[in-house]
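Listed below, chain by chain, are the residues.
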Amino acid sequence: MAAFLCFIIFLTTLGNSLLILLIFTQRSLRNTSNYFLVSLFMSDLMVGLVVMPPAMLNELYGKWVLDDVFCCIWYSFDVMCCSASILNLCVISLDRYLLIISPLKYKLRMTSCRALGLILATWTLAALASFLPIEMGWHDPDFELQSSNLTSMSEEKQCRLLVSLPYALIASCLTFFLPSAAISFTYCRILLAARKQAVQVASLTTNVPNMSEDHVQVSANPHNCQPVTHICDLCKL
């Protein structure tokens, strides 16, 4: 089990690191659209580096073996990375939507500064939905009585995230339901736009053979009108 979990962590870390390195090293890949991909890969990389190793230890030992203070920090990183990953997917779908709907105006609308601003807003919202309420104790239904997520069961420490209903509804709406709805809407619009463009391309390809056939018929007898012109000239004389 330990070897399998270590392999999953290694594969997650290596894969996302190679993707980030590939975008930074290849000049052709350093464009505005790939900024959002780097942000997505970074969130998944943080999951492999920060979230998965303590989860592996907790799974192997059956209890929380790390420091008590690190419990809230670990859960905050867990919520932040997962929220950032979903929000990055939402921003990527918005970027693709703008690129498909108005490709000529895309570079004017999605500049590097705006892309970095969207990435900063994504990580800020993810951090506010994780670190702020968890560190302040707003997530805990009885935070006035329970100052920590670290509870003791059978003299074995367990790190569990206890959340209140208002926090669960607000956090899930901001970091899951609303981004999921936005992703579904943008990709549906992208699908409709792609089908419309496919129909237009198909109509153009069917008109091209007809135009070429007419051109062949005209070019087969390029002097069709000359005899009639000569007759009219003789009549005038």
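Residues numbered from 1 in each chain as written. Predicted model: local features only at pLDDT ≥ 70, side-chain atom pairs only at ≥ 80, totals over all residues. Heavy atoms only, no water.

Asker: Explain the overall build of the chain residue by residue, including any values.
Answerer: Check the secondary structure of the chain and you find 8 helices and 2 strands. Put simply, the chain runs from its N terminus to its C terminus through helices and strands in the order α-α-α-α-α-α-β-β-α-α. Looking at the chain as a whole, 30% of its 237 residues qualify as buried. Of the contacts made within the chain by residues no fewer than 6 positions apart, 71% connect residues no fewer than 24 positions apart. Total accessible area on the chain stands at roughly 15,400 Å², and carbon and sulfur atoms take up 70% of it. (Helix = DSSP H or I, 4+ residues; strand = E, 2+ residues; numbered from the N terminus. Buried < 20%, exposed > 50% of the residue type's maximum accessible area, 1.4 Å probe, protein only. Contact = heavy atoms within 4.5 Å. Areas by Shrake-Rupley, 256 points an atom, 1.4 Å probe, with all protein chains shown as cover.)

Asker: Could you give an account of the state of the cysteines, with specific residues and numbers?
Answerer: Taken as a whole and judged by the stated rule, the model has 1 disulfide. At a sulfur-sulfur separation of 1.9 Å, the disulfide partner of cysteine 71 is cysteine 159. Disulfide cysteine 71-cysteine 159: the torsion about the S-S bond is 90°, which places it as right-handed. Taken together, the positions of cysteine 71 in helix H3 (residues 69–101) and cysteine 159 in strand S2 (residues 156–159) put the pair 88 residues apart, joining distant regions of the chain. Considered together, cysteine 71 and cysteine 159 belong to a single accessibility category, that of buried residues. (Disulfide = S-S within 2.5 Å.)

Asker: How would you explain the confidence of the model for the chain if you had to name every residue and give the values?
Answerer: For the chain, per-residue confidence averages 81 on the pLDDT scale, and residues scoring 70 or more make up 79% of the total. When pLDDT is averaged over each helix and strand of the chain, the minimum, 44, is found for helix H8 (residues 226–236) and the maximum, 94, for helix H1 (residues 2–25). pLDDT under 50 marks residues 225–237. Its contacts with residues more than four places away, or in other chains, come to 0 contacts. (pLDDT = per-residue confidence, 0-100.)

Asker: Got a sec to walk through the packing of H3 against helix H5 (residues 112–128)? Specific residues and values, please.
Answerer: For the pair H3 and H5, interaxial distance at closest approach is 8 Å and the crossing angle is 145°. As H3 runs across H5, the sense of the crossing is right-handed. Residue-level contacts link Met80, Ser83, Ala84, Leu87, Asn88 and Val91 of H3 to Leu118, Thr122, Trp123, Leu125, Ala126 and Ala127 of H5. (Axes fitted to C-alpha atoms, helices over the stretch in contact; angles between N-to-C directions. Left-handed = near helix turned anticlockwise from the far one by under 90°.)

Asker: Before we move on, can you summarise the nonpolar core with the specific residues and values?
Answerer: In this structure, Phe36, Trp74, Met80, Met110, Trp123 and Cys159 are the most contacted members of the largest nonpolar core, which totals 30 residues. Looking at this core, the elements that each hand over two or more residues are H1, helix H2 (32–61), H3 and H5. A total of 11 residues in this core trace back to one element, the largest contributor, which is H3. Contact partners of phenylalanine 36, with chain neighbours within four places excluded, come to Val91, Ile92, Asp95, Met110, Ala115, Leu118 and Ile119. (Core = buried A, V, L, I, M, F, W, Y, C linked by side-chain atoms within 4.5 Å.)

Asker: Give me the lowdown on the packing of aromatic side chains, citing residues and values where you can.
Answerer: Going through the model one piece at a time under the given rule, you end up with 5 aromatic pairs. On the basis of an interplanar angle of 50° and a centroid distance of 4.9 Å, the ring pair of tryptophan 74 and tyrosine 75 is categorised as tilted. The residues tryptophan 74 and tyrosine 75 share a single accessibility class, namely buried. Ring plane angle 85° and centroid distance 5.1 Å describe the contact between phenylalanine 77 and phenylalanine 131, whose orientation is recorded as edge-to-face. With a gap of 54 residues between them, phenylalanine 77 in helix H3 and phenylalanine 131 in helix H6 (residues 131–136) connect regions that are remote in the sequence. Looking at phenylalanine 131, the relative accessible area reads 22%, which means it is partly exposed. (Phe/Tyr/Trp six-rings, centres within 6.5 Å; stacked < 30°, edge-to-face > 60°.)

Asker: Quick rundown of the pattern of salt bridges? Include the residues and the values.
Answerer: According to the stated counting rule, one finds 1 salt bridge in the structure shown. A salt bridge links aspartate 95 to arginine 96; the nearest nitrogen and oxygen atoms lie 2.7 Å apart. (Salt bridge = Lys/Arg side-chain N within 4 Å of Asp/Glu carboxyl O.)

Asker: I'd like a rundown of the packing of H1 against H2, residues and numbers included.
Answerer: One can describe the packing of H1 onto H2 by two numbers: an axis separation of 9 Å at closest approach and a directional angle of 165°. One element, H1, and the other, H2, form an angle in the roughly antiparallel class. Crossing geometry of H1 relative to H2 is assigned as left-handed. (Parallel < 35°, antiparallel > 145°, perpendicular 65-115°, else oblique.)

Asker: Residues and numbers for the side chain of threonine 175, please.
Answerer: Along the polypeptide, threonine 175 turns up in helix H7 (residues 165–220). Of the polar contacts made by the side chain of threonine 175, one reaches the backbone oxygen of alanine 171; its length is 2.5 Å. Leave out the neighbours within four places in its chain, and threonine 175 touches Ser83, Ile86 and Ala129. (Polar contact = N/O pair within 3.5 Å; in protein donor to acceptor, adjacent residues only side chain to side chain.)

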